[in-house]
Amino acid sequence: MEISKEIEAGQAIYSKPVLSIYDLWVLGISNKYIWKCPTSHLLKHFNQHITSNHLDVGVGTGYFLDHCQFPTGKTRIGLLDLNQNSLDQAAKRIERYQPTQYQYNVLDKLDRSYWIIWITYCQKAARYSARRYCRKILKKAASQCA
Ligand SMILES: C[S@@+](CC[C@H](N)C(=O)[O-])C[C@H]1O[C@@H](n2cnc3c(N)ncnc32)[C@H](O)[C@@H]1O
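**Student:** Is there a simple way to think about the environment of His 45 in this case?
**Tutor:** Within the secondary structure, His 45 sits in helix H3 (residues 39–49). Judged by C-beta crowding, with 15 C-beta atoms within 10 Å, His 45 ranks as partly exposed.

This is the structure in structure tokens:
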């Protein structure tokens, strides 16, 4: 499998020290204050779509798999990531489900799908942010009318 410099760089950031602050920084601060799309909102969305036969692509720390509510019954989880640190951390976190690890470059086979998922995620974040912004403006307008 040949991996370009860009792809290598895209996953290389997820070292053990970075992953140790990932939940606090990315899921706690950046999702809420930079993306304006809190992790609680993403988890709600995750819960609406999760099935008991799930392949997680780009697993990070495995936060969502650890916190989501799987339908009852047997749960089968695959973890796919290029970075072994991410795979190890996510697998340890959800070891109760005995996940299977796949170390692959998702862009090798699924490049279009990966970008569609990423774009969808960004659009959702933007829509959520836009809705909150509109609500704020409406509230302000209402208070000025009162
Ligand atoms: C931003 S984290 C996503 C974490 C998780 N989905 C979440 O929302 O908490 C991106 C993950 O994608 C992985 N990744 C980046 N490029 C990849 C590639 N080309 N193939 C497979 N995994 C990749 C990284 O190693 C990292 O674990």
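Still more ground to cover, so stick around.
**Student:** Hey, could you run me through the site of the ligand in this one?
**Tutor:** By nearness alone, 16 residues border the ligand, and Gly 58, Gly 60, Leu 82, Asn 83 and Ser 86 come closest of all. Where the shell around the ligand is concerned, the elements lending two or more residues are helix H1 (5–12), helix H4 (63–67) and helix H6 (106–145). The element best represented in the shell around the ligand is H1, accounting for 3 residues. Class assignment of the residues belonging to the shell around the ligand gives a composition of 8 nonpolar, 7 polar and 1 charged.

**Student:** Please explain the confidence of the model for the protein chain as it appears in this structure.
**Tutor:** Reading predicted coordinates in detail is not appropriate for stretches of low pLDDT. Looking at the protein chain as a whole, its pLDDT mean stands at 84, while 73% of the residues score no less than 70. The weakest mean pLDDT in the protein chain belongs to H6 at 61; the strongest belongs to H4 at 98.

**Student:** In this structure, what is going on with the nonpolar core? I would like to understand it.
**Tutor:** A general trend in soluble globular proteins is that nonpolar side chains are found buried together. Counting 11 residues, the largest nonpolar core is built from Leu 27, Val 59, Tyr 63, Phe 64, Leu 65, Ile 77, Leu 79, Leu 87, Ala 90, Ala 91 and Ile 94. Of all elements in the fold, only H4, strand S2 (76–81) and helix H5 (84–93) reach the threshold of two or more residues within this core. Sequence-distant contacts of Ala 91, that is, excluding residues within four places in its chain, are made with Leu 79, Pro 99 and Gln 101.

**Student:** Got a minute to help me understand the environment of Gln 48 in this structure?
**Tutor:** Within the element layout of this structure, Gln 48 appears in helix H3. It is 9.8 Å that separates the C-alpha atoms of Gln 48 and Phe 70, two residues lying 22 residues apart in sequence.

**Student:** Teacher, can you tell me more about the pairing of S2 here?
**Tutor:** Both faces of the sheet carry side chains from a regular strand, because those side chains alternate between them. Here S2 shows a buried face lined by Ile 77, Leu 79 and Asp 81 and an unburied face lined by Arg 76, Gly 78 and Leu 80. Bridging between strand S1 (residues 53–57) and S2 involves 5 bridges; their strand directions are parallel. Of the residues in S2, the one forming a bridge with His 54 is Ile 77. By the bridge criterion, 4 bridges tie S2 to strand S3 (residues 100–103) in an arrangement that is parallel. Directly across from Leu 79, in S3, lies its bridge partner Gln 101.

**Student:** Please clarify how the sheet that holds S3 should be interpreted in this entry.
**Tutor:** Strands belonging to one sheet form pairs held by backbone hydrogen bonds; the direction of such a pair is parallel or antiparallel. With parallel pairing, 3 strands are arranged side by side in an open sheet as S1-S2-S3. If you trace the sheet from one side to the other, it starts and ends with S1 and S3, each paired once. For this sheet, the mean angle separating the axes of adjacent strands, direction not counted, is 20°.

**Student:** Help me out: how do you make sense of unusual backbone geometry in this one?
**Tutor:** Glycine aside, negative phi is the norm for most residues, and most peptide bonds take the trans geometry. With a phi close to 55°, Lys 36 is a non-glycine residue in the positive phi region. C-beta crowding within 10 Å serves as the criterion here: with 16 such atoms nearby, Lys 36 is assigned to the partly exposed category. Despite not being glycine, Gln 98 has its phi angle at roughly 50°, a positive value. Mapping Gln 98 onto the fold places it in the loop between H5 and S3.

**Student:** Please clarify how the environment of Asp 23 should be interpreted in this entry.
**Tutor:** Looking at the secondary structure, you find Asp 23 in helix H2 (residues 16–34). Each C-alpha atom of the pair Asp 23 and Gly 62 lies 9.6 Å from the other, and the pair is 39 residues apart in sequence. The residues touching Asp 23, leaving out its near neighbours within four places in the chain, are Gly 28, Thr 61 and Tyr 63.

Calculation notes
Within each chain, residues carry numbers counting from 1 in the order of the written sequence. Side-chain atom pairs in this predicted model are given and counted only at pLDDT of 80 or more, local residue features only at pLDDT of at least 70, and totals for whole chains, interfaces and linings cover all residues. Numbering of helices and strands starts at the N terminus; helices are DSSP runs of H or I of at least 4 residues and strands are runs of E of at least 2. Exposure is read from a count of other C-beta atoms within 10 Å of each residue's own; the residue is exposed at 12 or fewer, buried at 20 or more and partly exposed in between. C-beta atoms are placed from the backbone. What makes a residue near a molecule or strand is its C-beta atom, placed from the backbone, lying within 6 Å of it. We call Asp, Glu, Lys and Arg charged. Ala, Val, Leu, Ile, Met, Phe, Trp, Tyr, Cys and Pro are nonpolar, and the rest, Gly among them, are polar. Values of pLDDT, which run from 0 to 100, indicate the predictor's confidence residue by residue. The term nonpolar core means buried Ala, Val, Leu, Ile, Met, Phe, Trp, Tyr and Cys residues held together as one set by C-beta atoms within 7 Å. Note on contacts: residues are paired as contacts if their backbone-placed C-beta atoms lie within 7 Å. Between any two strands, pairing holds if DSSP finds at least two bridges. Axis lines are fitted to C-alpha atoms, over the contacting stretch for helices. Their N-to-C directions set the angle, which ranges from 0 to 180 degrees.

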